[in-house]
Each structure stands twice: as C-alpha cells, then as structure tokens.
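Commentary on secondary and tertiary structure
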Amino acid sequence: MAALAASGAVDDQDPGPFQHVRSEYVIGADTSERNGLRISLCELVVDVRRPAIIPTGTGGHVWPSALALGRRLFEGHEDLLQGTRCILELGAGCGLPGLCAAALAGDEAQVVLTDYCPEVVERLEANVDLNKSRLRSHTKVMTLDWSEVIMGEHEAELDNVDLLLGFSDER
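Predicted model, so just to flag it, every value in this text is computed and none were measured.

Things to note about the sheet that holds strand β6 (residues 138-143)
Across the sheet, which stays open at both edges, the four strands sit in the order β6-β5-β4-β7 with parallel pairing between neighbours. Sheet topology places β6 and β7 (163-165) at the edges, where each strand pairs with a single neighbour. Direction aside, the axes of adjacent strands within the sheet are offset by 20 degrees on average. Of the strand pairs in this sheet, strand β5 (residues 110-115) and β6 are connected by six bridges, and their pairing is parallel. Following the sheet pairing, Thr114 is matched in β6 by Met142.

In structure tokens:
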C-alpha cells in the first residue's frame with residue numbers, strides 16, 4: 001500500500017493556482033508502520049478551481065500510476081531489481097518510481113531519471129538531492145524526450161538498459 005505520510009506548503013504566500021509542496025510518501029506500508037520505503041518529493045499541488053498553465057505540465061505532481069509502480073517495485077524488488085545494472089525511467093515527472101528503484105536496487109546499479117521539460121528536470125534533481133541518504137544506487141538526471149528517440153530524431157545510449165520504467169500517454 002502506498003500512502004501519503006505528510007505534506008506541507010513550502011511557500012506561505014498566495015501560491016496562485018498551484019502550490020509548491022514537499023511531500024513524504026511511504027511505499028509498502030501504512031503510514032503508522034515504520035518498515036516502508038520513505039521517499040520525499042517536491043511537487044506541485046494544483047487548485048483545479050483556478051485555471052492556469054502549469055510550467056511543469058503533467059510532470060509536476062505524483063500520479064496514482066507512479067504510486068502503483070513504486071509499490072510494485074517495493075513488493076517485488078528481489079525479483080525485479082536483482083542483478084540490474086541500468087534502470088531508466090522515461091518521463092519521470094517527480095521521479096517516485098525511479099527513486100524507489102534507486103533505494104531498492106544494489107549499489108552496483110545505475111538509475112537514470114529522464115524528462116523533456118526543463119522545469120521537471122530541475123525538480124527531479126532537487127528530488128534526488130532530497131533522497132540522497134536513502135539511495136543505494138548511483139542516480140542521475142538527464143533531459144530526454146523519448147518521442148524523439150522513437151522517431152529517430154535523437155540518439156540515446158539505451159543498449160545497456162536492464163529495466164525500463166515509464167507510462168504511455170497515448171501519443
């Protein structure tokens with residue numbers, strides 16, 4: 001079970017249609033239990049009553065599918081992550097699944113969190129920094145638009161990827 005343990009606004013001023021918050025997620029346990037994986041994230045909480053153009057697009061907050069994938073990694077990490085050398089998260093957004101993988105995989109693994117939006121990449125870097133003490137694997141963030149890779153417009157070193165994490169947006 002994935003649960004939101006705590007959330008608080010970073011800025012007390014009127015945030016407009018969205019708020020920058022720091023949240024702590026507990027993956028694999030109820031919030032009352034201490035044996036879950038804890039991941040801290042900076043994310044945006046959007047006030048749906050106030051229309052706005054969000055600078056991070058869909059990558060500014062944690063989606064239920066990211067929680068589900070984080071939970072799956074936690075529950076099956078012995079099988080899913082054993083022996084992995086390179087884990088790539090495409091369209092990482094806040095990076096919850098990739099950070100879970102980096103916390104659960106061995107120290108010989110490398111986890112690469114990617115997104116195409118500069119604001120999201122900045123947030124990913126901040127989220128890696130927030131969780132440094134929890135990450136066992138070498139973790140890096142890079143800009144990558146996977147649709148350009150698929151269309152052959154961008155070359156990416158993807159030959160050594162053992163595990164690919166991502167979601168489809170039906171493009």
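After presenting the structure, the write-up continues.
Overview of helix α3 (residues 118-130)
Here α3 spans 18 Å end to end across 13 residues, near enough to the 18 Å set by a 1.5 Å rise per residue. Of all the residues in α3, the buried ones are Val120, Val121, Arg123, Leu124, Asn127 and Val128. With its buried residues spanning 160 degrees around the axis, α3 presents them on a single face. Of the exposed residues in α3, those oriented more than 90 degrees away from the buried face are Pro118 and Glu122.

As for the packing of helix α1 (residues 64-80) against helix α2 (residues 96-104)
Two numbers describe how α1 lies on α2: the axes approach to 8 Å, and their chain directions differ by 15 degrees. By the angle between their axes, α1 is roughly parallel relative to α2. Both α1 and α2 take part in a crossing whose hand is right-handed. Between α1 and α2, the residues in contact are Ala66, Leu67, Leu69, Gly70, Leu73, Phe74 and His77 and Leu96, Pro97, Cys100, Ala101 and Leu104, respectively. Here the contact of α1 with α2 is composed, by residue class, of ten nonpolar, two polar and no charged.

The rules we used
- Residues numbered from 1 in each chain as written.
- Predicted model: local features only at pLDDT ≥ 70, side-chain atom pairs only at ≥ 80, totals over all residues.
- Heavy atoms only, no water.
- Pairing = 2+ DSSP bridges.
- Helix = DSSP H or I, 4+ residues; strand = E, 2+ residues; numbered from the N terminus.
- Axes fitted to C-alpha atoms, helices over the stretch in contact; angles between N-to-C directions.
- Expected span 1.5 Å × (residues − 1).
- Buried < 20%, exposed > 50% of the residue type's maximum accessible area, 1.4 Å probe, protein only.
- Arc of directions from axis to C-beta.
- Parallel < 35°, antiparallel > 145°, perpendicular 65-115°, else oblique.
- Left-handed = near helix turned anticlockwise from the far one by under 90°.
- Contact = heavy atoms within 4.5 Å.
- Nonpolar A, V, L, I, M, F, W, Y, C, P; charged D, E, K, R; others polar.

So yeah, pure geometry; function would need other evidence.
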